[in-house]
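Summary of the model geometry
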Amino acid sequence: MPSLGHVAIGLAAGRFHAEDGRRRLVATALYTALATFPDLDVLARRLGAGHGSPWLHRGALHSLTFAACAAVLVALIVGGLGRSRLRMALTGAVAATSHGLLDTLTGGGAGVMLLWPFSAARTHAAWTLLPASPIGARLLSHRGFEVLATEVILFLPFLVYALWPDGVIRASPSAAERSAR
Ligand SMILES: [Zn+2]
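Residues numbered from 1 in each chain as written. Predicted model: local features only at pLDDT ≥ 70, side-chain atom pairs only at ≥ 80, totals over all residues. Heavy atoms only, no water.

Thoughts on the nonpolar core
Residues Y31, L34, F37, M88 and A96 are the most contacted members of the largest nonpolar core, which totals 16 residues. Mapped by element, the contributors of at least two residues to this core are α2 (22–36), α3 (64–78) and α4 (85–103). Beyond its immediate stretch of four places on either side in the chain, F37 contacts L61, F66, A67, A70 and A96. In terms of nonpolar packing, the next biggest core, distinct from the first, is built from 11 residues, A35, A95, L102 and L105 among them. (Core = buried A, V, L, I, M, F, W, Y, C linked by side-chain atoms within 4.5 Å. Buried < 20%, exposed > 50% of the residue type's maximum accessible area, 1.4 Å probe, protein only. Helix = DSSP H or I, 4+ residues; strand = E, 2+ residues; numbered from the N terminus. Contact = heavy atoms within 4.5 Å.)

The structure is reproduced here in structure tokens:
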């Protein structure tokens, strides 16, 4: 679970959605929720999911199908927030599906049920590029901070893009705009 990485993707998606203003804030909150919600499945065991259940960690909630459905649902309920619903759904789908795909790149934990409900196979990528983040209170440990520091470095481009001050990331005026001044 590269937790900071998922948040970085959500923040970057929010920046992509709108230049600034309240709509960007709302979009950022929604995209961040879409990029992180699959890890709610860490609660599944406490809620009664037993051995072999697809609702256990990195199961159905981490699938591409669930991610796409969640993104479409958000776009249908919330609308486009100043953009088209299609753009909202597509950006949300990228944010949500990135979660399961990134988790396949982590070095520990269970594989990801990317293809649920069509297959219950748990997938690991051939390369383990990301450290598996400790879950819950164990995040506040030496290992947790090590993982956090690694994620800051790996996801720096997304964080810089998302958090760079307004007015700096803007396309330079076109020749037509310049001549109109
Ligand atoms: Zn996850």
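Some details on the pattern of salt bridges
Per the stated rule, a full pass over the model turns up 2 salt bridges. Residue D103 is joined to R58 by a salt bridge in which the shortest nitrogen-to-oxygen separation is 3.6 Å. Linking D103 in helix α4 with R58 in the loop between α2 and α3, this pair joins segments that are 45 residues apart in sequence. This pair shows no difference in class: D103 is buried, exactly as R58 is. The salt bridge partner of E146 is R143, with a shortest N-O separation of 3.5 Å. One end of the pair, E146, and the other, R143, are both in helix α5 (residues 142–154), 3 residues apart, so they sit about a helical turn from each other. Relative accessible area serves as the criterion here: at 38%, E146 is assigned to the partly exposed category. On the basis of relative accessibility, which here comes to 42%, the residue R143 falls in the partly exposed class. (Salt bridge = Lys/Arg side-chain N within 4 Å of Asp/Glu carboxyl O.)

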